[in-house]
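Survey of secondary and tertiary structure
What follows is each chain in one-letter form.
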Amino acid sequence: MQINPDLKFIRYLKGAGGDTLKKCFQCATCSVVCPLSGDDKPFPRKEMIWAQWGLKDKLVADPDIFLCHQCGDCTAYCPRGAKPGDVLGAIRAYAYTEYGFPSGLARLATAAKNLPLLIGIPAAIVLIMWYISGGMHLPTGEIDFGHFFGHWDFKYLTKTTMFIDLIMLPAAGLAVFSAYMGVTRMWKKMCEGINASPEWRPSCGKFINDFLWPSVKEILSHDRFNECGVNKDRARGHKPLMYAFIGLLIVTTYGFISKDFIGIFVPSLHGPLHLYDPFKILANVSAVALLYGIFILWGNRSREESESGKQGTFYDWFLIYEIAAVGITGVLAELTRLAGLPFLAYLFYFCHLVSIMMLFLYMPYTKFAHMVYRTFAMAFERYRDSGFANGVKAD
Ligand code: SF4
Ligand code: SF4
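Residues numbered from 1 in each chain as written. Chains lettered and ligands numbered in written order. Predicted model: local features only at pLDDT ≥ 70, side-chain atom pairs only at ≥ 80, totals over all residues.

1. Observations regarding the site of ligand 2
Taken together, the neighbourhood of ligand 2 is formed by 16 residues, with Cys34, Cys68, Cys71, Cys74 and Gly85 sitting nearest. Listed by contribution, the elements that provide at least two residues to the shell around ligand 2 are helix H6 (73-77) and helix H7 (84-99). Among the elements that line the shell around ligand 2, the one with the most residues is H7, at three residues. Across the shell around ligand 2, the residue classes tally to ten nonpolar, five polar and one charged. (Near = placed C-beta within 6 Å. Helix = DSSP H or I, 4+ residues; strand = E, 2+ residues; numbered from the N terminus. Nonpolar A, V, L, I, M, F, W, Y, C, P; charged D, E, K, R; others polar.)

Below is the structure:
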């Protein structure tokens, strides 16, 4: 068999945290100690040799790279000082760019040198919309973020709701479409990788019931993640963060439905939520959980870096900074509003909108993308063991 190593790919991995990949001498200790590795298709030993050989296409079509939670158990036991967890992390970072759509935005979002643009684009969009809306001044009276983009006398839809829709809906729509395109490409490559039978395909209901939903349940309970031994803090920080995002998603969906649809018929639904409104309470609890989770992960990564003496990559830190920015600006906007400091309150609210837009825009290309790619890779793990993938019709 002739191997054609992709040298550019190997260079990328080394620069993205996988610099130890050449140390591996294939003893397989990592595959034995990895708590998440299955008996039939153990990882990460095989991924280490594929990475050394620069087998890019094989690696991005390998669902196992997405099953790893980068807990570091394998790294702790590797007799050669290789860091398989970090190598898999670098491969995942490459895969998000490879599958990312549109590819220009995917490449932009994965390089530290583009940070001024990554912040500048959403900041400019929010600023331009703020200017166009005519709301770019400090309103007098009670601080109300519902008047951030100004006020009009059209009682069915507030001006701020409409401007936020104009900013966030296209960003969220692009993120959903990009994630759909990326997952579709990944699934196709994974099917090609195992020569899955093209004849048998599960119906949509069966796919959700047998493959997708069990994976979602496993993610919600963190069953596998909790099995990691060396670095328990990763699961301890990840769980509240995940529930915080679910809580904020519920609040955002409620806000969207109540203000954009029901609010047309019940104009009293417009305006700020009362402090004791259940959705307001959920929003505040989620914000606290978000900050708690992100600071555990922040501290955890800083500790790892100081112990290893190695600086983290842009890929590792970008999402941590982004989520921290969403949480901190949201809390500061709320606190300065309650303290009656309009200049600071509106400034933090502006920063909050920019950080939320960044989260939406770059979700499919940054570490945040694991949310969708891992879910579908876990579904694929079940699918590849099923009769559908093996050409035997299952029911
Ligand atoms: S434990 Fe280390 S040396 Fe052994 S296969 Fe894994 S990465 Fe390679
Ligand atoms: S980092 Fe953890 S989950 Fe990933 S391969 Fe190593 S032991 Fe397994």
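2. Quick notes on helix H14 (residues 314-338)
Because an α-helix packs 3.6 residues into every turn, residues spaced three or four apart end up facing the same way. Its 25 residues place the ends of H14 35 Å apart at the C-alpha level, agreeing with the 36 Å of an ideal helix rising 1.5 Å per residue. All buried positions along H14 are accounted for by Tyr315, Asp316, Phe318, Glu322, Ile323, Val326, Gly327, Thr329, Gly330, Ala333 and Arg337. Packed against the buried residues of H14 are H7, helix H13 (278-308) and helix H15 (342-362). Immediately beyond the C-terminal end of H14, within one or two residues, lies Gly340, with a positive phi of roughly 70°. (Expected span 1.5 Å × (residues − 1). Buried ≥ 20, exposed ≤ 12 C-beta atoms within 10 Å, placed from the backbone. Contact = placed C-beta atoms within 7 Å.)

3. Structural notes on H7
For H7, with 16 residues, the first-to-last C-alpha span of 22 Å sits near the 22 Å given by 1.5 Å per residue. Across the 16 residues of H7, 15 count as buried, placing the element largely inside the fold.

4. Looking at the packing of helix H10 (residues 159-193) against helix H16 (residues 370-384)
Close contact between H10 and H16 brings their axes to 10 Å; oriented N to C, the two are set at 30°. Between H10 and H16, the crossing angle belongs to the class labelled roughly parallel. Pair H10 / H16 crosses with right-handed handedness. Along the contact surface, H10 presents Ala179, Val183, Met186, Trp187 and Met190, while H16 presents Val372, Tyr373, Phe376 and Phe380. The residue makeup of the contact of H10 with H16, split by class, is nine nonpolar, no polar and no charged. (Axes fitted to C-alpha atoms, helices over the stretch in contact; angles between N-to-C directions. Parallel < 35°, antiparallel > 145°, perpendicular 65-115°, else oblique. Left-handed = near helix turned anticlockwise from the far one by under 90°.)

5. A closer look at the environment of Gly271
Mapping Gly271 onto the fold places it in the loop between helix H12 (232-265) and H13. Taking the C-alpha atoms as reference points, Gly271 and Pro63, separated by 208 residues in sequence, lie 46 Å from one another.

6. A few points about the domain arrangement of the chain
According to the domain assignment, the chain consists of domain 1 (7-99) and domain 2 (107-384). Here the C-alpha centre of domain 2 lies 28 Å away from the C-alpha centre of domain 1. (Domains from an automatic or database assignment.)

7. Observations concerning the site of ligand 1
Around ligand 1, a shell composed of 13 residues is seen, among which Cys24, Cys27, Thr29, Cys30 and Cys78 lie nearest. At the level of secondary structure, the elements contributing two or more residues to the shell around ligand 1 comprise helix H2 (29-33) and helix H3 (45-52). In terms of residue class, the shell around ligand 1 is made up of nine nonpolar, two polar and two charged.

8. Digging into unusual backbone geometry
The omega torsion across Phe43 and Pro44 is 15°, close enough to zero to call that bond cis. In this model, Phe101 is joined to Pro102 through a cis peptide bond whose omega is -5°. For Pro102, the location among the structural elements is in the loop between H7 and helix H8 (103-108). Non-glycine residue Ala28 carries a positive phi angle of around 75°. Assignment of secondary structure puts Ala28 in the loop between helix H1 (7-15) and H2.

9. Some remarks on the packing of H14 against H15
Where H14 meets H15, the closest approach of the two axes is 8 Å, and the angle between their N-to-C directions is 155°. Compared by their axis directions, H14 and H15 come out roughly antiparallel. The element H14 and its partner H15 pack so that their crossing is left-handed. Of the residues in H15, those touching H14 at Glu322, Ala325, Val326, Thr329, Gly330, Leu332, Ala333, Thr336 and Arg337 are Leu344, Ala345, Phe348, Tyr349, Cys351, His352, Ser355, Ile356, Met358 and Leu359.

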